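What follows is each chain in one-letter form.
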Amino acid sequence: MHNKVVCLSNVYDQHYLDLRGEKIAPCLSSPKRRDLFRCLELATGRVVVVLSSPPKSLERRSPRWLPAAATTFSTHRQFFCANWDVPKLRIPLGWLFYAVQAVRRIQSNDLVVIDNYEFIYVVAAYAVRLFRRVDFVLEYEDGKHAIDQSWHAGLSGLAEKMGRGLIRAAILAHPALGRRLPPNVPTLLAPGFVVRTTLPRERPPLGDTVHFLYSGSLDRTRGVDLLLAALPLLPETGWHLHITGAGSLEKEVAALAGGPRWQGRVTFHGTLPAVDYTALIGRCQVGLNCQRPSDPISDVTFPSKVFSYMSAGLLILSSRASDVPVVCGDACIYYEAETPASLAEAIHRVVQHYTELSLSGKADKVTAIYGIEGTAQRLTQLLAEANLA
């Protein structure tokens, strides 16, 4: 029987942002990790503890000693190791301080969940194994190092080679990631979570306009250029597009939304605080996932926005990238070709037939599988199959 569940993850939420007291990048994976940790808690009946390393500052360039800190992530205890936040030394020093923290915080018979094949976690796992008898589960969020050409990819690739022998079971965000695991490692598919508690209490009446939402990275990989190119192919009325997020195409999106042609039909909201984003998603009827199937990232990641839209009760119009049809089946509406014309045709079809499409109830099956309770039940079965229960 395991004492507790320890998650090696650099996730953080507003608790840590308030504690840190300086500007750091928002952690976009916080909602999914919150739900995953809750599933681990339900599946094991054990306390979940999160061990993290402090992220770098976005604005400060002078060195700063960051002392160890204790806070909470959602409802779970979270511990940040110390580090000297200085260029060139921050990363290797982080490996050392994080490994020391892991050895101190992890006890024999703990269940340790590793957040991806990242070098910092694998080094810590090997350090822990020298002193403790523990079991390791991989939370395989992405395999981006397989397509990345930077030095980070080299470290992650090395971490994968080192970490393969440690893993007893794996939680996959993309079906194809299972092929990168050692043979006979039990797996569970959990690309995201449908959490219906985020559903707005009362969605506004449809009226004459269907409100579409694109939320996420603004770049070619996610098909934002296709979305912009599809706009001139749409009818003059019956739709309104809301865009929120940031990325390499942010200037193009802002310029288009601010131009006279699209005033009243396209609104760019930038990056929104959680409260404002919740209000925006409550005003929309359809969520857009335009990720390009041809981009290599679609072979190693799953677009989390699909589950965010589904949690909010939106109808979803999606490409077939990242095996979305394998995960969601007919709960989404799909467009076939990676072209502006195909996307525009699908948007027009949704505008014309929104009422009957939105009443189909086809998302209920996906909700049952990928809800908190459903995922926790499947996770219990995974741990039993791997003899980790």
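The paragraphs below set out a description of the structure included in this document. (Residues numbered from 1 in each chain as written. Predicted model: local features only at pLDDT ≥ 70, side-chain atom pairs only at ≥ 80, totals over all residues. Heavy atoms only, no water.)

**What to know about the overall build of the chain**
Spelled out, the test is: Elements are defined by DSSP. Helices are runs of H or I of four residues or more, strands are runs of E of two residues or more, and each kind is numbered from the N terminus. We compute the radius of gyration over the C-alpha atoms and compare it with the globule rule, which gives 2.2 Å times the number of residues raised to the power 0.38. Residue contacts follow a heavy-atom distance rule, with two residues in contact if any of their heavy atoms lie within 4.5 Å. For the accessible areas, the method is Shrake-Rupley and the probe is 1.4 Å, while residue cover comes only from the protein chains on display. Charged residues are defined here as Lys and Arg on the positive side and Asp and Glu on the negative side; His and the ends of the chain fall outside this count. Lys charges are placed at NZ, Arg charges at CZ, Asp charges at CG and Glu charges at CD.
Check the secondary structure of the chain and you find 13 helices and 16 strands. Rg of the C-alpha trace for the chain: 22 Å, near the compact-globule value of 21 Å for 389 residues, within the 12% margin. Along the first, second and third principal axes, the C-alpha atoms of the chain reach 65 × 50 × 40 Å. A sequence separation of at least 24 residues applies to 74% of the contacts in the chain between residues at least 6 apart. Looking at the chain as shown, the accessible area adds up to about 17800 Å², and 55% of this sits on carbon and sulfur atoms. If the 42 positive side-chain charges of the chain are averaged to one point and the 35 negative ones to another, these points end up 7 Å apart.

**Some details on helix H7 (residues 250-258)**
Definition in use: Categorising residues by exposure relies on relative accessible area from a 1.4 Å probe, with only protein chains included: less than 20% of the type maximum marks a residue as buried, more than 50% marks it as exposed, and the intermediate range marks it as partly exposed. Here the arc refers to the directions that run from the helix axis out to each C-beta atom.
Within the span of H7, buried status applies to Val 253, Leu 256 and Ala 257. The buried residues of H7 occupy one face: seen down the axis, they fall within an arc of 95°. Among the exposed residues of H7, those pointing more than 90 degrees away from its buried face are Lys 251, Ala 255 and Gly 258. Its buried side turned inward, H7 meets helix H6 (224-230), strand E12 (239-246) and strand E13 (266-270).

**Points about the environment of Ala 229**
With respect to the helices and strands, the residue Ala 229 is situated in helix H6. Taking C-alpha positions, Ala 229 is 8.8 Å from Ala 344, a pair spaced 115 residues apart along the chain.

**Structural notes on the pattern of salt bridges**
The criterion, for reference: Take a side-chain nitrogen of Lys or Arg and a carboxyl oxygen of Asp or Glu: if they are within 4 Å of each other, that pair is a salt bridge.
Tallying each qualifying case throughout the model produces 23 salt bridges. Where Asp 85 meets Arg 60, a salt bridge forms, and the shortest distance between an N and an O atom there is 2.6 Å. Linking Asp 85 in strand E6 (residues 83-85) with Arg 60 in the loop between strand E2 (48-52) and strand E3 (64-66), this pair joins segments that are 25 residues apart in sequence. As far as burial versus exposure is concerned, Asp 85 and Arg 60 are alike and both buried. In this structure, the salt-bridge partner of Asp 219 is Arg 222, at a minimum N-O distance of 3.0 Å. Here Asp 219 falls in the buried class, since its relative accessible area comes to 15%.

**Considerations on the packing of helix H12 (residues 363-370) against helix H13 (residues 372-385)**
Our working rule: Whenever a helix is involved, its axis is fitted only over the stretch in contact; in every case the axis is a line through C-alpha atoms, and angles between N-to-C directions fall within 0 to 180 degrees. The cut-offs work like this: below 35 degrees is roughly parallel, past 145 is roughly antiparallel, 65 to 115 is roughly perpendicular, and the gaps in between are oblique. In this classification, Asp, Glu, Lys and Arg are treated as charged, Ala, Val, Leu, Ile, Met, Phe, Trp, Tyr, Cys and Pro as nonpolar, and every other residue, Gly included, as polar.
Between H12 and H13, the shortest axis-to-axis distance is 4 Å and the interhelical angle comes to 50°. Overall, the two elements H12 and H13 adopt an arrangement that is oblique. Facing H12, whose interface residues are Ala 368, Ile 369 and Tyr 370, H13 presents Ile 372, Gly 374, Thr 375 and Arg 378. Partitioned by chemical class, the residues of the contact of H12 with H13 number four nonpolar, two polar and one charged.

**So, the packing of helix H3 (residues 90-105) against helix H4 (residues 119-131)**
This is how it is decided: Crossing chirality is assigned from the near helix's rotation relative to the far helix, an anticlockwise turn below a right angle marking it left-handed and a clockwise turn marking it right-handed.
Relative to each other, H3 and H4 sit at 40°, their axes nearing to 8 Å. Relative to H4, the element H3 lies oblique. Relative to H4, H3 is oriented so that their crossing is right-handed. Where H3 abuts H4, its residues Gly 94, Trp 95, Tyr 98, Ala 99, Ala 102 and Val 103 lie against Phe 119, Ile 120, Tyr 121, Val 123, Ala 124, Ala 127, Val 128 and Phe 131.

**Quick word on the side chain of Asp 35**
By the element assignment, Asp 35 lies in helix H2 (residues 30-44). By relative accessible area, Asp 35 is classed as buried at 9%. Setting aside anything within four residues of it in sequence, one finds Asp 35 in contact with Phe 193, Val 195 and Ile 372.

**What to know about the packing of aromatic side chains**
Selection rule: Only centres within 6.5 Å qualify two rings of Phe, Tyr or Trp (six-membered ring in Trp) as a pair; their planes then separate them into stacked at under 30 degrees, edge-to-face at over 60, and tilted for everything else. For a lysine, the NZ atom is tested; for an arginine, the CZ atom; a charge sits over a ring if that atom is within 6 Å of the ring centre and within 35 degrees of the ring normal.
By the definition in use, this model includes 10 aromatic pairs. Aromatic side chains Tyr 16 and Phe 80 sit 3.8 Å apart centroid to centroid with 15° between the ring planes, which places their arrangement in the stacked category. Here Phe 80 lies in strand E5 (residues 76-80) and Tyr 16 lies in helix H1 (residues 14-20), a separation of 64 residues in the sequence. Across the pair, exposure class does not vary: Tyr 16 and Phe 80 are buried alike. Just above the ring of Phe 79 sits the side chain of Arg 105; from NZ or CZ to the centre is 3.7 Å.

**Details of the sheet that holds E13**
The condition is simple: Only strands that DSSP links by at least two bridges are regarded as paired with each other.
The six strands lie next to each other as E13-E12-E11-E14-E15-E16, forming an open sheet whose pairing is parallel. Of all strands in the sheet, those with a lone pairing partner are E13 and strand E16 (333-334), marking the two edges. Relative to E13, E12 is paired through four bridges, and the arrangement is parallel. The residue of E13 that forms the bridge with Ile 243 is Phe 268. Lying over the sheet, H7 contacts E12 and E13, oriented at roughly 135° with respect to E13. The strands touched by helix H8 (residues 274-281) within the sheet are strand E11 (210-217), E12 and E13, with E11 carrying the most contacts at an inclination of about 145°.

**Describing the sheet that holds strand E7 (residues 111-115)**
Strands sit in the order E4-E5-E2-E1-E7-E8-E9-E10 across an open sheet of eight strands; the sheet is mixed. The open sheet has two free edges, formed respectively by strand E4 (69-73) and strand E10 (187-189), since each of these has just one partner strand. Averaged over all adjacent pairs, the angle separating strand axes in this sheet is 25°, with direction ignored. Here five bridges tie strand E8 (residues 135-140) to strand E9 (residues 167-172), and the two strands are oriented parallel to one another. When the sheet's bridge partners are listed, Tyr 140 is paired in E9 with Leu 172. Sheet strands touched by H3: strand E1 (5-8), E2 and E5. Its angle to E2, the strand with the most contacts, is close to 160°.

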